[in-house]
Structures are given as C-alpha cells and as structure tokens.
Amino acid sequence: MIVAEQKPLEEIRRLIAPYEKVLILGCGTCMTVCGAGGEREVSLLHSALRVAQTRGGDEAHNFLEYTVKRQCDFEFLDMLEDRVGEVDAILSLGCGIGVQVIAERFPDIPVLPGVNTSFMGASKEWGVWDERCAACGDCMLAETGGICPITRCVKGILNGPCAGSKSGKCEVSSDIDCAWVLIYERLERLGQLEKMRRYYPPRNFRTIPRPRRIVSKADIDLGGNDG
Amino acid sequence: MAKSLFEERLNSGKFLVTTEIGPPKGTDISEMVHHIELLKDKVDAINVTDHQSSVMRFPSLGGCLLVREHGGEPVFQMTTRDRNRLALQADLLLAYSRGIRNVLCLTGDSVDVGDHKEAKPVFDLDSVQLLRMIRIMESGKDLAGNDLKGAPEFCIGASVHPATDSIEPQLIKFDKKVEAGAQFFQTQGVYDLDCLRRFMQYASQFNVKILAGIIVLASARMAQYMNDNVPGIVVPQAVIDELAGAEKGKGLQKGIEIAVRLMKMIKDENLCHGVHIMAVGREGIVPEILEAAGVGIGAHV
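Chains are numbered independently. Their residues run from 1 in the order of the written sequence. Chains and ligands are labelled sequentially in the order written, the chains with letters from A and the ligands with numbers from 1. Under the rules for a predicted model, residues below a pLDDT of 70 receive no local features and side-chain atom pairs below 80 are neither given nor counted, while totals for whole chains, interfaces and linings still include all residues.

Notes on the interface of chain A and chain B
One frequently used descriptor of interface size is the decrease in accessible area upon assembly of the parts.
Phase 1 of the analysis: By the convention adopted here, residues make contact when the C-beta atoms placed from their backbones lie within 7 Å. Counting residues at the interface gives 25 residues for chain A, matched by 30 residues for chain B.
Phase 2 of the analysis: Think of it this way: any DSSP run of H or I at least four residues long counts as a helix, any run of E at least two long counts as a strand, and we number them from the N terminus. For the side of chain A that touches chain B, the elements supplying multiple residues, two or more each, are α7 (179–190) and α8 (194–197) of chain A.
Phase 3 of the analysis: Top element by residues in the side of chain A that touches chain B is α7 of chain A. It accounts for 3 residues.
Phase 4 of the analysis: Residue classes follow a fixed rule: Ala, Val, Leu, Ile, Met, Phe, Trp, Tyr, Cys and Pro count as nonpolar, while Asp, Glu, Lys and Arg count as charged, and any other residue, Gly among them, counts as polar. Class assignment of the residues belonging to the side of chain A that touches chain B gives a composition of 14 nonpolar, 7 polar and 4 charged.

Written as structure tokens, this is what we have:
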C-alpha cells in the first residue's frame, strides 16, 4: 500500500491561507490504513485548524470535511461535485496520486496537498511502516529470495553487498538491515545461493519512462449496451 | 604488452606499495602537487580518491592528470555514486586519452555519509558492472553496443573487505569482481592479520594481486570515530587500546608504528602481493612509513 505522512500544521495553514472556504478531503483507502488522511484524520485536522485559527485570530476559514472511498479513482469523484462547487480550495489528504486526480477532475479549483507521500510499504507493527517496493518495473524478487535490493539497499545495487555493510547493518544507519546480508541468509536457507553468484547486468531504466502507463490486455466488457 | 606501468609492476613479483592522495576541497592544488612530488618515485602507483566519504572535492580524474603531469603512475578511483553510465564512459575515454591507464572500480560510499546529504544518489551501475563495462569498452563497443572510434585499455582493480563480520556475502562479490576482470584488489583497512591470512587462503586460488589496505591512525579517538562513521572501517579494540596507551601527543607516532609493524609482518610472511597505504589527509608522513617498513620503490633493489 501507499504510505504517507501528514504535513506539519503550520505548512498546511500556509497552503490554505489565501482561501476562505476549504474542503478537507480524506481518502478511504491507503491514507486511511496508514493514518495520514482517512475520515478520522480529516476530522482531527479540521479541529486542529479551527483551534489554530481561533488562537491566531487573523484568519477566517470555513471548513467542510468529507472522505471519499478512493481519490485516485474518477468513479468515486462525481459525488463531490456539489461540495466542490461551494468551496474556494480543496485540501486533499489523498496521496500524490489522489491530489492529481482531484485536480484533473475539478480543473477550476485549486487542490492543495495535505500529506507528503512517502513510499509503498508494509506495516511492520502497529504504527510502523517499512518501504518494500520501488515500482522499478522489472521485478527481480525471484532471484533475491523475496527481498528487494533496489528498495532495501540504500544504493540499490544488484551484485552483492558494498563494503559498508557492518554486522549485518547498513553504512548509513545501524537501524537499517543490510539488504544483501538478508538476501544472502535467505538464499542460503532456500539452498539457492547460486542465484547470488550470478551476474546481474545494469538495470534497464527504460522500464520506467516517466510518466508510465499500463493498458490492460484483458478483454474488458464495459457492458455499455445493456445500460 | 602491459597496459600500464602499474600492470607491469603487478606482474613483476615484487612486493608492491601503493598509496592514495585525497584531492583538496577547492582550487588550491599546491598541497596535492607537493604530495605527488613527494611520493611519485617512492610508490608503485598513486590512487586519487573520488569524493572520498562522499565529501565533494576536486575530482579524481583531475588529480590523476596532475599525477601524470608530474611523472607519477596514477590509479583513477572511480565510483558509481555520482555519474550515470554515460558520464562514467565519457570520463574513462578522457582518462585513457590523457594517459591514465589504471582504474579502481568502486561503488562508492552512500551520499548520506557525506557533506551533500541532499544530493541525488546515482548508482546507475555497481562496482561489478563498472568493471564489466570497462572490458566491454576495451572490445571497441560502448555499453549500448555502439562502435567506439578508438577503444581504451585499462588495468582494472576493485576493493574487497577481508575483515568484515559477514565475510561470505563479501566473498561472493569478490568472485564476481574477479570474473568481471579485476586484476588487482586494494583491500579495506586491515589490522587483524588472521583475517588477512584466511582471506588469502581463499583469494590465492585466483590470478589476481591483493594489496592489503593500511590505514594510518593518529589517535584512539580517530579510530573510534572511523569505526562509528566511516563505511568499511573496522578497527579492533586491541588497536584502539594500543593507541590510547600512547603518551600524550604521540598518538600519530603510535599509529605509524602500528602501520609499519603490520606492513613488515605482511611483507616478511609474504602474506599478499603488497600494501596500499591510506594516510587519510596525512600524505606527508608516507615516505617516513615506507622507510621504516623497508618497502617502496627505493627498497625493491
């Protein structure tokens, strides 16, 4: 899933400063799960902004709050039309994708990002998220024991550990496991160390010509004729 | 015919000594030139570091050109941290055209340990891929398979870390570097000769030359700092204690003493093919170390 962090309140206040009526828009999918911008966070942010406004005494915003199921899906945005018509700006607590889809769907109204989108990751334990996928477009997890060196090695190198690996930890921080030591241990356990001995050529960055697009090859029946 | 003077020396069977020079942060190259003059006739080759510890400096390639101009034999340290494959190949073409014939292929320290922590880390290639890319260029092609008008030829080397606590993954990488064409290895700093002996038992099956890394420490504090902050450095506690036991103001003398002792033992036992002295900003003391250890070009006779 996509993991994000809410921006600091002061930054959000600067972003919304020029706008009187602001819709705080949550997202019911990833942002809800990672606690950066679901219904609960929309409500908490709303309260925090009102308290800050009362204390500051120099701004007078009106806030609306709402949370859609998925901001990154046009299908769920039609229902926003009326609310959007009432406000001067949308403060989106969706990820970077959500913010952009909202902007595309409502081209006449400013959309402001309320979160910093961080990475694609997994919840290690409650409240702790670890990055796991870099969306490189050329998955090599079959060769590396299910541990991604592109994401989990600071240098993203493909042919084994650098010399900075110390006691199984990364040269950047003793809190970060050396991905290549993890890969070695896992491949050894699987009896597949020959995979680590193989040479991996330089990555093909043509798999990520930005912006990327995927067109489904599946035969999709849109069901248009039957209504 | 040898590809370089250094390659000729590698194949001579003599106990080799290389050292490194760290370029300045700025345009004042006088001290670097002084060090080049001081060392060029005493060692078999002079490495020039490539933004060592990810700290921005005068470039390695520029330093190598100066070594050439002053009649020394440079080893061009090239990391993959700051340049993509286009820039790496271009610099190799330039290096070759100006007489630089030895390249040490490194991945490079991470950007996070240096002084430009917000920079974009490149790492388009890793060290093994860089070694292979050079061999491809020697065949007259660039990495995309296009013809080169004039192909370079380099004596290429890499680094290895014989004293790491997870040696098996390192050895797999060492094997890959050998297969990729590495002819020589300059190791990370070695203090524990048992580690080096074990590594050499393994490495001696390959036709590559191993130069043991000797880092000259100036104090227990410096050793501890390097242990904590410098990637790839493991100074054993016994060495730190020995430095700590030195008289006040004699830390560097003790560090030199330790370096000389290690070098003598390595040479006397014929443990490996030579040593690579890293004086980390104190290049001026290297001649004294060479003399005390009885190594270097003057000592070959």
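Examining the domain arrangement of chain A
Phase 1 of the analysis: Segmentation into domains, and thus their bounds, comes from an automatic or database assignment. We note that the domain assignment places domain 1 (2–119) and domain 2 (134–207) within chain A.
Phase 2 of the analysis: Taking only C-alpha atoms, the centre of domain 1 of chain A and the centre of domain 2 of chain A are 38 Å apart.

Quick notes on the sheet that holds strand β2 (residues 45–48) of chain B
What holds strands together in a sheet is hydrogen bonding between their backbones, with the strands either parallel or antiparallel.
Residues and elements named next belong to chain B.
Phase 1 of the analysis: Pairing within the closed barrel is parallel, and its 8 strands lie in the order β1-β2-β3-β4-β5-β6-β7-β8. Mean inter-strand twist for the sheet, computed between neighbouring axes without regard to direction, equals 25°.
Phase 2 of the analysis: A strand pair is defined by DSSP finding two or more bridges across the two strands. Examined bridge by bridge, strand β5 (residues 155–160) and strand β6 (residues 184–189) share 4 bridges and lie parallel to one another. Residue pairing for β6: G157 is matched across the bridge by F184.
Phase 3 of the analysis: The strands touched by helix α10 (residues 251–268) within the sheet are β7 (209–215) and β8 (274–278), with β7 carrying the most contacts at an inclination of about 160°. Axis angles are defined between N-to-C directions and span 0 to 180 degrees, where every axis is a line fitted to C-alpha atoms and, for a helix, only to the segment in contact.

Observations concerning the environment of R206 of chain A
Phase 1 of the analysis: Looking at the secondary structure, you find R206 of chain A in the segment after α8.
Phase 2 of the analysis: For the pair R206 of chain A and C136 of chain A, spaced 70 residues apart in sequence, the C-alpha separation works out to 9.8 Å.

Details of the sheet that holds strand β1 (residues 2–6) of chain A
All names here are of chain A.
Phase 1 of the analysis: Reading across the sheet, the 3 strands line up as β1-β6-β7 and stay open at both edges, with antiparallel pairing between neighbours. Each having just a single partner strand, β1 and β7 (128–133) make up the two edges of the open sheet. Neighbour to neighbour, the strand axes of the sheet diverge by 70° on average, direction disregarded.
Phase 2 of the analysis: Pairing of strand β6 (residues 115–125) with β7 involves 5 bridges; the strand directions are antiparallel. Looking at the pairing, S123 lines up with W129 of β7.

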